[in-house]
Amino acid sequence: MTSSSSPSQDEQIAADPRTDSLRADALMEEDVAWSQEIDGQRDGDQFERSDRAALRRVVGLSTELEDVTEVEYRQLRLERVVLVGVWVTGTVQEAENSLAELAALAETAGALVLDGVIQRRDKPDPATYIGSGKARELYDLVLETGADTVVCDGELSPGQLIHLEDVVKVKVVDRTALILDIFAQHAKSREGKAQVALAQMQYMLPRLRGWGQSLSRQMGGGGGGGMATRGPGETKIETDRRRIREKMAKMRREIAEMKTGREIKRQERRRHRVPSVAIAGYTNAGKSSLLNRLTGAGVLVENSLFATLDPTVRRAETPSGRIYTLADTVGFVRHLPHHLVEAFRSTMEEVGDSDLILHVVDGAHPAPEEQLAAVREVIRDVGAVDVREIVVINKADAADPEVLRRLLRMERHAIAVSARTGAGMTELLALIDTELPRPEITVEALVPYTDGGLVSRVHAEGEVLSEEHTPEGTMLKAQVHEELAAALAVYVPVPAIG
Ligand SMILES: Nc1nc2c(ncn2[C@@H]2O[C@H](COP(=O)(O)OP(=O)(O)OP(=O)(O)O)[C@@H](O)[C@H]2O)c(=O)[nH]1
Ligand SMILES: [Mg+2]
């Protein structure tokens, strides 16, 4: 149909007979703004489509392409997607934010976002997620944009995926699958990879029939019947299912073993009573940037969602010289797939186990309050309700000062900082110092110079109130934790009986 060198755009224009005559003009346009040009000259039918559409178009969603090489690169290996959301509750702004986030997720997964629509409904359609009429309009949009995948903003049942695929004639995936895919791409450690693989298998198991298996659709209701009614395909699916279950069991055993190693390290830290601070927060809030800024850790920072999947723990020191650990954690997202919450529970327990949570929120995001709420929900989920929290409002350099004021008013225990410029870091460090639990036991001990290691420990793990070098050894007065107090007990001078 076309002999041009940039096939997909041409094809998609040419494929639509209504725009065929516009093709030559469109090709002369230098940039990708062609779609608006064509929009302006649409025939009546198309205007009507947008008029009657309860499918509300969310503007500004298309992936911004920086240069031609990127266009070619993306077209070679990436999927072209159209997003669709069902807007059940809340304001239109909230619904649009959710779809904008889905667009960011899709881009993080490597897709090119062509368009996005939302439909207002009381609840998602049990058969096709969006209403069946709207599903046919979605099919038009798929044709028009040349998309090869539709991404739905929710978790769809296996049946909904199949039925919607039937109508739109391209692959349909949901938010859960998308997030699983990103996690799979980003996991680096052996444990992280295993956890994601396990979550993917859990997700796949009930959907095994779904993927292009017309057979399962013919079988209909629940696949009752005995051997006699069972086709060869069904047997294959059952075999697959059994294999997946076996793999999952093996994976669970492996994960349990890997977890032990991390547990031991964590207990070691606990035994030494090193206070721990966990940096938690919504994905892309700037958690890794903050860790880097506070400790020079050199952790990967990326403007993409879920850049961090493997928890990093670094040693840090308060201005007063106390040692503590600072842990970077996996980012949170609204509607975090249940399987992933389970898979990453052990990682998130790191948050629950800490003495202090630095809850990082992106002050420059359009809806920081929603992010705060979503993160708190997960924190509650992993049972970390009793841990003290400092809300760290990040990206103060880019945020609207009015929003910063609003957040600071709302959150009693909050501080505005910028991990990028370093603004607010001194204050944050001081705040961490005051919030970290202090050792409770006051001791006075005369530690001989032969046991200098113990003096160093008191400095690192406790708080030295006074220190004096005498001929017999170091005279220390300090606040220490129980174990250290026990170690010092032998050097506590026995009061003279007078
Ligand atoms: N303007 C501005 N941008 C920032 C600031 N802190 C971080 N960023 C940017 O925000 C993006 C995300 O930063 P990360 O530190 O990777 O965020 P994260 O919370 O670790 O993200 P995940 O690991 O993906 O959950 C990067 O592009 C950073 O450069 C800041 O204070 N100001
Ligand atoms: Mg990170």
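Now for a look at the structure at hand. (Residues numbered from 1 in each chain as written. Chains lettered and ligands numbered in written order. Predicted model: local features only at pLDDT ≥ 70, side-chain atom pairs only at ≥ 80, totals over all residues. Heavy atoms only, no water.)

## Digging into the overall build of the protein
As a reminder, the rule being used: A run of DSSP states H or I qualifies as a helix once it reaches four residues; a run of E qualifies as a strand once it reaches two. Both are numbered from the N-terminal end. For every residue, the accessible area obtained with a 1.4 Å probe (protein chains only) is divided by the maximum for its type, and the residue is called buried under 20%, exposed over 50%, and partly exposed between those limits. Whether two residues are in contact is decided by their heavy atoms: any pair within 4.5 Å suffices. We get accessible surface area from the Shrake-Rupley algorithm with a probe of 1.4 Å; when it comes to residues, only the shown protein chains can shield them.
Check the secondary structure of the protein and you find 20 helices and 14 strands. Scored against the burial criterion, the 498 residues of the protein give a buried share of 47%. Across the protein, contacts joining residues at least 24 apart in sequence account for 69% of those joining residues at least 6 apart. Surface summary for the protein: the accessible area is close to 25100 Å², and the carbon and sulfur share equals 52%.

## Here's the deal with the sheet that holds strand 7 (residues 312-317)
Applicable threshold: Two strands form a pair only when DSSP identifies at least two bridges running between them. Only C-alpha atoms enter the line fits that serve as axes; for helices the fit covers just the stretch in contact. Angles between N-to-C directions range over 0 to 180 degrees.
Reading across from one edge, 7-8-6-9-10-11 is the order of the six strands in this open sheet, with mixed pairing throughout. The two strands at the open ends of the sheet, each matched to only one other strand, are strand 7 and strand 11 (414-416). Adjacent strand axes in the sheet meet at a mean angle of 25° when their direction is disregarded. Along the sheet face, helix 13 (residues 287-295) touches strand 6 (276-281), strand 7, strand 8 (323-328), strand 9 (356-362) and strand 10 (388-394) and points at about 155° away from the line of strand 8. Where helix 18 (residues 425-435) meets the sheet, its contacts fall on strand 6, strand 8, strand 9, strand 10 and strand 11, and the angle it forms with strand 10 comes to roughly 175°.

## With respect to helix 9 (residues 175-186)
Formally: What a helix is expected to span follows from its residue count: subtract one and scale by 1.5 Å.
For helix 9, spanning 12 residues, the distance from its first C-alpha to its last is 17 Å, which sits close to the expected 16 Å at 1.5 Å a residue. The buried count for helix 9 comes to nine of 12 residues, which makes it a mostly enclosed element. Every buried residue of helix 9 is accounted for by Arg175, Thr176, Ala177, Leu178, Ile179, Leu180, Ile182, Phe183 and His186.

## Considering the sheet that holds strand 12 (residues 441-447)
Read from one edge of the open sheet, three strands run 12-14-13, paired in antiparallel fashion. Each of the sheet's edge strands pairs with one partner strand only, and the pair in question is strand 12 and strand 13 (463-470). Ignoring which end each strand starts from, the neighbouring axes of this sheet average 10° apart. Summarising the sheet, strand 12 and strand 14 (residues 473-480) pair through seven bridges and their orientation is antiparallel. Along strand 14, the bridge assignment pairs isoleucine 441 with valine 480.

## A short note on the pattern of salt bridges
As a working rule, side chains carrying opposite charge can pair if their charged atoms are close by. For clarity, the cut-off: We define a salt bridge as a contact between a side-chain nitrogen of Lys or Arg and a carboxyl oxygen of Asp or Glu at a distance within 4 Å.
Counted according to the given criterion, the structure contains 18 salt bridges. Measuring nitrogen to oxygen at the nearest pair gives 3.1 Å for the salt bridge that ties aspartate 433 to arginine 322. One end of the pair, aspartate 433, is in helix 18; the other, arginine 322, is in the loop between strand 7 and strand 8, and 111 residues separate them in sequence. Between arginine 376 and glutamate 389 there is a salt bridge, with its nearest N and O atoms 2.9 Å apart. In this pair, arginine 376 sits in helix 16 (residues 368-381) while glutamate 389 sits in strand 10, placing the two residues 13 residues apart along the sequence. Residue glutamate 389 is classed as partly exposed on the basis of its relative accessible area, which comes to 23%. Ionic contacts of the salt-bridge type, sharing partners, join the residues Arg322, Asp433, Arg438 and Glu463 into one network.

## Side note on the environment of glycine 473
Relative to the assigned elements, glycine 473 resides in strand 14. When the C-alpha atoms of glycine 473 and aspartate 451 are compared, they prove to be 9.0 Å apart, with 22 residues separating the residues in sequence. What glycine 473 contacts, discounting residues up to four positions off in sequence, is Leu446, Val447, Pro448, Tyr449 and Glu468.

## Some details on helix 19 (residues 452-461)
Stated formally: Arc definition: it is the arc formed by the directions from the helix axis to the C-beta atoms.
Residues of helix 19 that are buried: Leu454, Val455, Val458 and Glu461. Mapping the buried residues of helix 19 onto a view down its axis gives an arc of 150°, with all of them on the same face. In this structure, the buried residues of helix 19 make contact with strand 12, strand 13, strand 14 and helix 20 (482-488).

## Points about the packing of helix 13 against helix 18
Quick reminder of the rule: We call two directions roughly parallel when the angle between them is under 35 degrees, roughly antiparallel when it is over 145, roughly perpendicular when it lies between 65 and 115, and oblique otherwise. Classification convention: Asp, Glu, Lys, Arg as charged; Ala, Val, Leu, Ile, Met, Phe, Trp, Tyr, Cys, Pro as nonpolar; all other residues, Gly among them, as polar.
One can describe the packing of helix 13 onto helix 18 by two numbers: an axis separation of 11 Å at closest approach and a directional angle of 85°. On the basis of their axis angle, the class for helix 13 and helix 18 is roughly perpendicular. Contacts between helix 13 and helix 18 involve Leu290, Arg293 and Leu294 on the former and, on the latter, Met425, Leu428, Leu429 and Ile432. By residue class, the composition of the contact of helix 13 with helix 18 is six nonpolar, no polar and one charged.

## Focus on the packing of helix 9 against helix 10 (residues 190-204)
How two helices pack is summed up by the angle between their axes together with the distance between the axes. Filter applied, for reference: Should the near helix be turned counterclockwise from the far one by less than a right angle, the crossing is left-handed, whereas a clockwise turn marks it as right-handed.
Axis separation between helix 9 and helix 10 bottoms out at 9 Å; the angle between their running directions is 155°. Judged on the interaxial angle alone, helix 10 and helix 9 are roughly antiparallel. Our pair here, helix 9 against helix 10, has a crossing hand that is left-handed. Seen from helix 9, the contacting residues are Thr176, Ala177, Leu180, Asp181, Phe183 and Ala184; seen from helix 10, they are Val196, Ala199, Gln200 and Tyr203. Across the contact of helix 9 with helix 10, the residue classes tally to seven nonpolar, two polar and one charged.

## Observations regarding the packing of aromatic side chains
The condition is simple: Paired rings are identified among Phe, Tyr and Trp, the last through its six-membered ring, by centres lying within 6.5 Å, and are further divided according to the angle between planes into stacked (under 30 degrees), edge-to-face (over 60) and tilted (the rest). Distance and angle both matter: a charge sits over a ring if NZ of Lys or CZ of Arg is within 6 Å of the ring centre and within 35 degrees of the ring normal.
Following the criterion strictly, the structure yields zero aromatic pairs and no others. Above the face of the tryptophan 87 ring, arginine 120 is positioned so that its terminal group lies 4.7 Å from the ring centre. Directly above the ring of tyrosine 139 sits lysine 169, whose terminal nitrogen or CZ lies 5.4 Å from the centroid.

## Brief notes about the nonpolar core
To keep things clear, this is the line we draw: To form a nonpolar core, buried Ala, Val, Leu, Ile, Met, Phe, Trp, Tyr and Cys residues must be joined to one another through side-chain atoms within 4.5 Å.
Formed by 65 residues in total, the largest nonpolar core has its most connected members in Leu83, Ile130, Leu138, Val150 and Cys152. When residues no more than four places from it in sequence are discounted, the contact partners of isoleucine 130 are Val84, Val86, Gln119, Arg121, Asp125, Ala135, Leu138 and Leu164. Residues Ile279, Leu294, Tyr324 and Leu326 belong to the second largest nonpolar core, which totals 21 residues.

## Side note on the environment of valine 392
Note that valine 392 resides in strand 10. As for valine 392 and isoleucine 415, which are separated by 23 residues in sequence, their C-alpha atoms are 5.2 Å apart. Sequence-distant contacts of valine 392, that is, excluding residues within four places in its chain, are made with Leu290, Leu358, His359, Val360, Val361, Ile415, Val417 and Leu428.

## Considering the pairing of strand 8
Buried residues dominate strand 8, accounting for six of its six residues. Burial of strand 8 is two-sided: the residues Ile323, Thr325 and Ala327 facing one way and the residues Tyr324, Leu326 and Asp328 facing the other way are all buried. Pairing of strand 6 with strand 8 involves four bridges; the strand directions are parallel. Pairing of isoleucine 279 across the sheet is with aspartate 328, part of strand 8. In the sheet, strand 7 pairs with strand 8 via six bridges, with the strands oriented antiparallel. The partner of glutamate 317 across the bridge, within strand 8, is isoleucine 323. Two successive antiparallel strands, strand 7 and strand 8, enclose a turn made up of five residues, where glycine 321 displays a positive phi of approximately 95°.

Read these as spatial facts, not as claims about activity.
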